[in-house]
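# Secondary and tertiary structure notes
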Amino acid sequence: MDSGQLVGIIVGIVVVLAIIAVAMYLSRKRKTEADRNRAAEMREKAEADQLAARDHEAKAARAEADAKAAEVEAERLRMQARGTQQEAETVRAGAEEQLRRADDVDPDVVTTERGDAQSQETRTHAAQPHEELHPHEELRRDRGDRDRTAGTGDAAGFREETVAERRDTEDPHGERPRNL
């Protein structure tokens, strides 16, 4: 081998090494640039995610504020309902007192204050439903009996007949004309 060939082989090796070095440099540069681009994209996505997180936090804060406002409104409505209930109880008590006073004044209503004799007479008339009554005579009952007879009836809506109703249906041509 001659020195010219040796110099040619060395120059060839140096050129190949230079080409490899340049190729590695360009490859590393491209990789670095790609990494920078990927990092920039990741930062943009992170910023968008942070913005979305702040938006969700703001919505959560609004929902919490709405819930607290609803609790305050519910408490206000509870207080209003209590006041209305108290007013209703006051009105009911007044109405019951007025009914009691009306019963005290009404001569057809027997109360325990008017005497047990009249009340005993009323019980006797109520216990004997088939007893024939004078056409103008009416049963006298105290307020408690009146409330019970108004609400009597079974689940199907049937109610007991009163003495006057029985008399009207059993003897339609009697002394008293039947109302149509």
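All values reported here derive from a predicted model rather than from experimental measurement. (Residues numbered from 1 in each chain as written. Predicted model: local features only at pLDDT ≥ 70, side-chain atom pairs only at ≥ 80, totals over all residues. Heavy atoms only, no water.)

### Thoughts on the overall build of the protein chain
- Per the secondary structure count, the protein chain includes 4 helices and 0 strands.
- When the 180 residues of the protein chain are sorted by exposure, 7% land in the buried category.
- Nonlocal contacts in the protein chain, meaning residues at least 24 apart in sequence, comprise 42% of its contacts between residues at least 6 apart.
- With an accessible surface of roughly 15400 Å², the protein chain has 56% of that area assigned to carbon and sulfur atoms. (Helix = DSSP H or I, 4+ residues; strand = E, 2+ residues; numbered from the N terminus. Buried < 20%, exposed > 50% of the residue type's maximum accessible area, 1.4 Å probe, protein only. Contact = heavy atoms within 4.5 Å. Areas by Shrake-Rupley, 256 points an atom, 1.4 Å probe, with all protein chains shown as cover.)

### Re the pattern of salt bridges
- All chains considered together, the criterion is met by 10 salt bridges.
- Linking Asp49 and Lys45 is a salt bridge whose minimum nitrogen-to-oxygen distance equals 3.4 Å. In this pair, Asp49 and Lys45 both sit in helix H1 (residues 3-105), 4 residues apart, roughly one turn of the helix.
- Look at Asp49 and you get partly exposed, because its relative accessible area is 42%.
- The shortest N-O distance in the salt bridge between Lys59 and Asp55 comes to 3.6 Å. (Salt bridge = Lys/Arg side-chain N within 4 Å of Asp/Glu carboxyl O.)

### Thoughts on a nonpolar patch on the surface
- A grouping of Ile9, Ile13, Val16, Leu17, Ile20 and Met24 is seen on the molecular surface, where their side chains present a nonpolar patch of about 550 Å² in accessible area.
- Overall, Ile13 belongs to the partly exposed group, its relative accessible area being 47%. (Patch = residues over 30% accessible without salt bridge, like charges linked within 9 Å, V, L, I, M, F, W, Y side chains within 5 Å.)

### Comments concerning the confidence of the model for the protein chain
- For the protein chain, the mean per-residue pLDDT works out to 76, and 61% of the residues sit at or above 70.
- Confidence scores differ between elements of the protein chain, with helix H3 (residues 143-151) showing the lowest mean pLDDT of 47 and H1 the highest of 95.
- Taken together, the stretch residues 129-143 has pLDDT below 50 and engages in 29 contacts with residues farther than four places along the chain or on a different chain.
- Confidence drops under a pLDDT of 50 for residues 145-159, and excluding neighbours within four residues, the segment shows 9 contacts in the predicted structure. (pLDDT = per-residue confidence, 0-100.)

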